[in-house]
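Coordinates in review
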Amino acid sequence: MSTSSDDGQPSPTECATDAPDPAEAPEQARSLRGLVARHAVDTRPLAIPTYRRLLIGQATSFVGSMLTQVAVPVQVYAISSSSLDVGLVGLAGLVPIVAFGLYGGAIADVVDRRTLYFWSSILGWAVTLALLAQTLVDVRSVWLILALVAVQSGAFAVASSARGAIIPRIVPTELVASANTLNFTVGNIGQVIGPLLAGVLVAQPHGFAIAYGIDAVLFTAALYSVLRLPSIAPDQSGQRLGLRSVVEGLAFIAKRPVLFMSFLVDICAMVLAMPRALFPAVAAERFHGTVGPLYAAIAIGSVIAGLSSGWIGRIHRQGRALVVAIIGWGAAVAVSGLAHRLWLVVALLALAGAADLVSAVYRQTILQTYAPDEMRGRMQGVFIAVVAGGPRLGDARAGATAAASSPQFSWVAGGVACMAVVAVAGYLVRPFWNYDTRDDLVVGQGVAEASSVEPAASS
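Just so you know, these numbers come straight off a predicted model, no measurement behind them.

**A look at the environment of Gln69**
- Inspection of the secondary structure puts Gln69 in helix 3 (residues 49-80).
- The sequence separation of Gln69 and Val149 amounts to 80 residues, and the corresponding C-alpha distance is 9.5 Å.

Okay, here's the thing in structure tokens:
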């Protein structure tokens, strides 16, 4: 029955029924705040002054380092007009990253990590100045650039191994995943700003020199943040450095399927599906040389994913989540290789970057929480060798495949191959597929076994 009055106006009862309940507004506001809190990036690690300074220094210097990482391959392509030579830039850094990542991680387990981080950073800074110098005198030597990249890659590997082993010492265990997410997010912000700025600079007269110069200036922020770190001596003072310690670190990983697979799936993702070496050629063929957005696209997606990453720490089946994320990465890369509109390529690469951020956080967190402190330097060394070396090997793979076929075939086929290999391998290795952070027995067993590793002797 209608509750309207005779004159067609709603009755007081109807008005009262339709009017919003004032008591519901605070509840709705609390619900909205809760939704944002659950999904927004966790900033609690920023309350730790030491970590906050380290993060700020890393973020500032990373913008400059991305200028160099874009300027180097574009400069090589400008000199040689060869995608194969651009691929060699990645290959030049591969061996130093693997060698010095592994041995640098072993060093980080036996010396003060702050000291190691500082001096390896100084070496990387010196190489940036050398890149600036060779540009100013117009040497135009691809081989000189490759040699400088090799030295810088070695310094980067040692510095990164030390920095990764520092994080669990200055951040409580329950905040390690959040700290890693913040690290990756600010790094990816640098990967957005740096390439976009580099894309503008390299198109200008003396643009390569300006890019290297800005990198050298911004790098001083990282040096300052390292100097403000406390002394971080190794827990196991009796451990000695040697080749045997490196071998023990590798054996530690090989005997644990969860750790081994976390590295293997990342190698597949980067080697098979990283299209970075193809950007200069594709930009020249399709987009009138506009290369900056291509280099920034993956990082754009990672930043967006990082800012909405509050849910990542609540996923407990991290092995399964890692497989799904990398399959998503491969799919987005493959489809982006088919697109011929710049905005669409950027959007699809951004989607790939979002998946990559998720996989990166899980890989780093599994590594840092599964191993005891006396093994963390070596674990980070392997992590850097895989994370930084994998894309460089992927550059060589992409460049060589493009030279033998076409950039589009190299781009698309790599993404498809990544999806297939990771899906099969991830599912077949059951301990990894079923890995659950809530399983105290699995975690406890991993830590107990790790703690039983004897101190390494010098070789």
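On we go.
**Notes on the nonpolar core**
- Ranked by size, the top nonpolar core spans 62 residues in total, and within it Trp329, Leu349 and Trp411 carry the most contacts.
- Membership of the second largest hydrophobic core comes to 24 residues, among which are Leu55, Phe118, Leu182 and Ile232.

**So, unusual backbone geometry**
- The phi angle at Ser81 is positive, at roughly 55°, despite the residue not being glycine.
- At Asp138, a residue that is not glycine, the phi angle is positive and equals roughly 55°.
- Residue placement: Asp138 occurs in the loop between helix 5 (113-136) and helix 6 (142-170).

**What to know about the packing of helix 5 against helix 6**
- At a closest axis distance of 8 Å, the pairing of helix 5 and helix 6 adopts a crossing angle of 155°. The angle between the axes of helix 5 and helix 6 places the two elements in the roughly antiparallel class. Crossing of helix 5 against helix 6: the hand is left-handed.
- The residue makeup of the contact of helix 5 with helix 6, split by class, is 16 nonpolar, six polar and four charged.

**Notes on helix 6**
- The end-to-end C-alpha distance of helix 6, which contains 29 residues, comes to 41 Å, matching closely the 42 Å that a straight helix rising 1.5 Å per residue would cover.
- Of all 29 residues in helix 6, 22 are buried; the element is thus mostly enclosed.

**A look at the packing of aromatic side chains**
- Taken as a whole and assessed by the stated rule, the structure comprises four aromatic pairs.
- Where Phe118 meets Trp119, the ring centres are 5.2 Å apart and the plane angle is 75°; that geometry is what we call edge-to-face.
- Residue Trp119 is classed as exposed on the basis of its relative accessible area, which comes to 56%.
- Between Phe279 and Tyr295 the ring centres are 5.1 Å apart and the planes differ by 90°, which places this aromatic pair in the edge-to-face class. Of this pair, Phe279 sits in helix 11 (residues 279-286) while Tyr295 sits in helix 12 (residues 292-307), and the two are 16 residues apart along the sequence. Here the two residues Phe279 and Tyr295 agree in accessibility, since each one is buried.
- A network of ring pairs unites the aromatic residues Phe279, Tyr295 and Trp411 as a single cluster.
- For the cation-ring pair, Arg256 lies above Phe252, with the distance from its terminal atom to the ring centre recorded as 3.9 Å.

Criteria and thresholds
Residues numbered from 1 in each chain as written. Predicted model: local features only at pLDDT ≥ 70, side-chain atom pairs only at ≥ 80, totals over all residues. Heavy atoms only, no water. Helix = DSSP H or I, 4+ residues; strand = E, 2+ residues; numbered from the N terminus. Core = buried A, V, L, I, M, F, W, Y, C linked by side-chain atoms within 4.5 Å. Buried < 20%, exposed > 50% of the residue type's maximum accessible area, 1.4 Å probe, protein only. Axes fitted to C-alpha atoms, helices over the stretch in contact; angles between N-to-C directions. Parallel < 35°, antiparallel > 145°, perpendicular 65-115°, else oblique. Left-handed = near helix turned anticlockwise from the far one by under 90°. Nonpolar A, V, L, I, M, F, W, Y, C, P; charged D, E, K, R; others polar. Expected span 1.5 Å × (residues − 1). Phe/Tyr/Trp six-rings, centres within 6.5 Å; stacked < 30°, edge-to-face > 60°. Lys NZ or Arg CZ within 6 Å of the ring centre and 35° of its normal.

In short, shape yes, function no, at least from these values alone.
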